[in-house]
Amino acid sequence: MMNRLLTIFFFGTLFWMAFDFIFYAGLMVNYIEAHGIPIFFNEFFTDTQYWWLWIIGISLYGTIFLVKNKTREKILFFLLSCMLAAIPWIPDFGEQIGRAIFSKENVAYRFDNVLVKNATLLYSGRGYDYVVIPGNDRTLRYLSSKRVK
């Protein structure tokens, strides 16, 4: 029994990490870098993980690995899951997925005597918000503490 649990954990972690890496690398290229947000992949990858999905993913991949005599089905499952993970590598889909996960519309920021309204929050992490304001195509970096709740 312990051997099966270790096998599920080991192979589940291995294949889930590959799936997760491919997915977030696509988001990094086609959403974060496309908007000129100056963060490193390590920071982006660790800050944006949905860690509760890891339990589900590791369990799923590990359990699939333990199925006996179904080699074709396992290979097909892994290939299909890699194709699914690669969807953010298509530029339009990467942009849409990134906006769905990270973006917020109509965000306001208050500075000393200035209120910036209708900003689009593209990404928030490590104390900074990366936003686009109406009439400006550049991505600006504001402190998250300046955001009006």
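Shown above is the structure to which this text applies.
The following refers to the structure shown. Worth saying up front: this structure is predicted, and the values here are computed from it rather than measured.

## A closer look at the environment of Arg 110
Checked against the element boundaries, Arg 110 lands in strand S1 (residues 104-110). Distance from Arg 110 to Ala 100, taken between C-alpha atoms, is 25 Å for residues 10 residues apart in sequence.

## Section: the sheet that holds S1
Within the open sheet, the 4 strands sit side by side as S1-S2-S3-S4. Their pairing is antiparallel. The strands lining the two open edges of the sheet, one partner per strand, are S1 and strand S4 (140-143). Averaged over neighbouring strand pairs, the angle between their axes works out to 55° when direction is ignored. Here S1 pairs with strand S2 (residues 115-125) via 4 bridges, running antiparallel. Bridged to Val 107 within S2 is Ala 119.

## Comments concerning a nonpolar patch on the surface
Side chains of Met 1, Met 2, Leu 5 and Leu 6 sit close together on the surface and give an oily, nonpolar patch of about 500 Å² of accessible area. Along the chain, Met 2 falls in helix H1 (residues 2-32).

Cut-offs used in this document
Counting restarts for each chain: residues are numbered from 1 in the order of the written sequence. Since the coordinates come from a predicted model, pLDDT governs what is reported: local features require at least 70, and pairs of side-chain atoms require 80 or more to be given and counted, while whole-chain, interface and lining totals use all residues. Side-chain descriptors were evaluated using all non-hydrogen atoms of the structure, hydrogens and water having been removed beforehand. Each helix is a run of H or I in the DSSP string that is no shorter than four residues. Each strand is a run of E no shorter than two, and both are numbered from the N terminus. Should DSSP find at least two bridges between two strands, the strands are taken to pair. Axes, fitted as lines to C-alpha atoms, cover a helix only where it is in contact. Angles between the N-to-C directions of the axes lie from 0 to 180 degrees. To count toward a patch, a residue needs a relative accessible area above 30% and no salt bridge. Like charges then connect within 9 Å, nonpolar side chains (Val, Leu, Ile, Met, Phe, Trp, Tyr) within 5 Å. Only the protein chains shown count as covering a residue, and every accessible area follows the Shrake-Rupley method with a 1.4 Å probe. Salt bridge criterion: a side-chain nitrogen from Lys or Arg within 4 Å of a carboxyl oxygen from Asp or Glu.

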